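Spelled out from the first residue to the last, the chains are:
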Amino acid sequence: MPEGDTAFQAAASIAAAFTGKPLAYSQFRVPRYATVDLSGRTVLASRSIGKHVVVDVGDDWAIHTHMKMEGVWRVHPLGTRWTKPAHTARLVLRTDTHEAVGFDLGVCEMLRHPDEALSYLGPDLLGPTWNPELAVANLRRDRDRPIGLALLDQRLMAGVGNVYRCEACFLRGVHPHTGAGDVDLPAMVDLCHRLLVANKGRVRTTTGHARSRRYWVYGRGGRPCMRCGTAIVRSFLGTPDTTEERVLYHCPHCQPEPARSSLPSGS
Ligand SMILES: [Zn+2]
């Protein structure tokens, strides 16, 4: 699932091939922007803000994209064969030498003053002005909110998606239903930061292993916990609009349920 590290990598690969170069070609495969032509504009920067990718193209305008559940960016030398179906491409950018294609992007738009438009986001875990104290204060504001929901709220802290919320809760031994006020938030925030930093330049893993053992609990429902052998539980916690974001994985032994009084109602 695309999370802050994925956005960071996408923005970095676009930056490496496009920064300082004029666009020779652009095509939005989104009806609203079908007539937008960015050719001739110079790419000033490409950066991630939380799970968003922002490509600055001058005059305070930027291409703003979000990969949501399925999106992916591919950057390659011009003429490279696409590895995804052409009908899933939402945006094509080219210089004289390179091409960037955004497939299945959940958001693909032109945005004026992107930093203002995205200022609702909390501190960016991989941002140049990462502010852990502010992230902790934001997460602490609603003490009763389950930490498994608070970690996904990009207004509080930007960059964590479902994989990291499941993995961070496991690594801290915290049941995802635990109220945020009952969690060691500085330690939780620090862990999220370290996980994203460790993975920003590689294929994501939270265990240090590759392939099928990349994650402690995420995607491992019914399989034995790698620490204690108990079957990992798959359940749901989250807003109903994004099904995959609701899927929760935890180990009932390593992450004991919170005391009854701190259990959220209706979850
Ligand atoms: Zn366990």
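One can find the structure itself at the top, above this paragraph.
Here the structure is a predicted model, which is why all the values come from computation and not from measurement. The residue numbering used here restarts from 1 in each chain and proceeds along that chain's sequence as written. Only residues with pLDDT of at least 70 get local features here, since the model is predicted, and only at 80 or more are side-chain atom pairs given and counted; chain-wide, interface and lining totals rely on the full set of residues. Only hydrogens and water are set aside; all other atoms, that is, all heavy atoms of the structure, feed into the side-chain values.

Novice: Lay out the state of the cysteines in plain terms, naming residues and giving numbers.
Specialist: Working definition: a disulfide is two cysteine sulfur atoms within 2.5 Å of each other. The final tally for this structure, using the stated rule, is zero disulfides. Its sulfur unpaired, cysteine 166 is 7.4 Å from the next cysteine sulfur, which belongs to cysteine 169.

Novice: Let's hear about the coordination of the zinc ion: which residues, and what values?
Specialist: Counted as donors are the N, O and S atoms within 2.8 Å of the metal, or 3.2 Å for Na, K and Ca, while water is not among the atoms, so some sites may look incomplete. Within the first shell, the zinc ion binds the protein through Cys225 (SG), Cys228 (SG), Cys251 (SG) and Cys254 (SG), at distances of 2.2 to 2.4 Å. Labels for metal geometry use angle windows, namely 85 to 135 degrees for all angles of a four-donor tetrahedral site, and for square planar (four donors) or octahedral (six donors) sites opposite donors over 155 degrees apart plus all others within 65 to 115; sites meeting none of these are irregular. Classification of the site at the zinc ion rests on its four donor atoms, whose angles at the metal span 99 to 113°, yielding the label tetrahedral. Sequence positions of the donors to the zinc ion reduce to the motif C-x2-C-x22-C-x2-C. Of the two residues, cysteine 228 sits in the loop between α6 (185-199) and β9 (233-236) while cysteine 254 sits in the segment after β10 (247-250), which places them 26 residues apart along the sequence. Three labels apply to residues, based on accessible area from a 1.4 Å probe with only protein chains included: buried if under 20% of the type maximum, exposed if over 50%, partly exposed otherwise in between. When its relative accessible area of 30% is taken as the criterion, cysteine 228 is described as partly exposed. Secondary structure elements follow DSSP: runs of H or I no shorter than four residues count as helices, runs of E no shorter than two count as strands, and numbering proceeds from the N terminus.

Novice: A description of the environment of aspartate 184 should follow, citing residues and the corresponding values.
Specialist: Following the sequence through the fold, aspartate 184 ends up in the loop between α5 (162-171) and α6. For aspartate 184, a relative accessible area of 42% puts it in the partly exposed group. Through-space distance from the C-alpha of aspartate 184 to that of valine 136 is 9.4 Å; in sequence the pair is 48 residues apart. A 3.5 Å cut-off defines polar contacts: any pair of N or O atoms within that distance qualifies, except that in protein one atom must be a possible hydrogen donor and the other a possible acceptor, and neighbouring residues in sequence count only when both atoms are side-chain atoms. Of note is the side chain of aspartate 184, whose polar atom sits 3.2 Å from the backbone nitrogen of alanine 187.

Novice: Tell me about the pairing of strand β6 (residues 89-94), and please be specific about residues and values.
Specialist: In this scheme, strands are said to pair when DSSP sees at least two bridges between them. Here strand β1 (residues 25-28) pairs with β6 via four bridges, running antiparallel. Along β6, the bridge assignment pairs tyrosine 25 with arginine 94. Once β6 ends, the chain turns through three residues before running back antiparallel as strand β7 (residues 98-103).

Novice: Which residues make up the side chain of aspartate 5, and what are the values?
Specialist: Tracing the backbone shows aspartate 5 in helix α1 (residues 4-18). On the basis of relative accessible area, aspartate 5 is assigned to the buried category, the value being 2%. At 3.3 Å, the side chain of aspartate 5 forms a polar contact with the side chain of threonine 6.

Novice: Can you tell me about the nonpolar core, naming the residues and giving the values?
Specialist: One finds Ile147, Leu151, Met157 and Met188 to be the most contacted residues of the largest nonpolar core, which totals 25 residues. Secondary structure elements with two or more residues in this core: α3 (132-140), α4 (147-150), α5 and α6. For this core, the leading source of residues is α6, giving seven residues. We call two residues in contact when some of their heavy atoms are within 4.5 Å. Every residue in contact with methionine 188, bar those within four places of it in the chain, is listed here: Ile147, Leu151, Ala168, Cys169, Arg172, Val174 and Val183. Residue types Ala, Val, Leu, Ile, Met, Phe, Trp, Tyr and Cys, when buried and joined through side-chain atoms within 4.5 Å, form a set referred to as a nonpolar core.

Novice: Go over the pattern of salt bridges, please, and point to the residues and values.
Specialist: A side chain of one charge can pair with a side chain of the opposite charge when the charged atoms of the two come close. In the sections that follow, a salt bridge refers to a side-chain nitrogen of Lys or Arg positioned within 4 Å of a carboxyl oxygen of Asp or Glu. Under the counting rule described, the total for this entry stands at nine salt bridges. Residues arginine 94 and glutamate 99 are paired through a salt bridge, measuring 2.7 Å at the closest nitrogen-oxygen approach. The class for arginine 94 is partly exposed, based on a relative accessible area of 25%. Residue aspartate 190 pairs with arginine 194 through a salt bridge whose shortest N-O separation is 2.9 Å. With aspartate 190 and arginine 194 both in helix α6 and four residues apart, the pair spans about one turn of that helix. Overall, the relative accessible area of 48% leaves arginine 194 in the partly exposed class. A cluster of three or more residues bridged by salt bridges with shared partners is formed by Arg47, Asp56 and Asp115.

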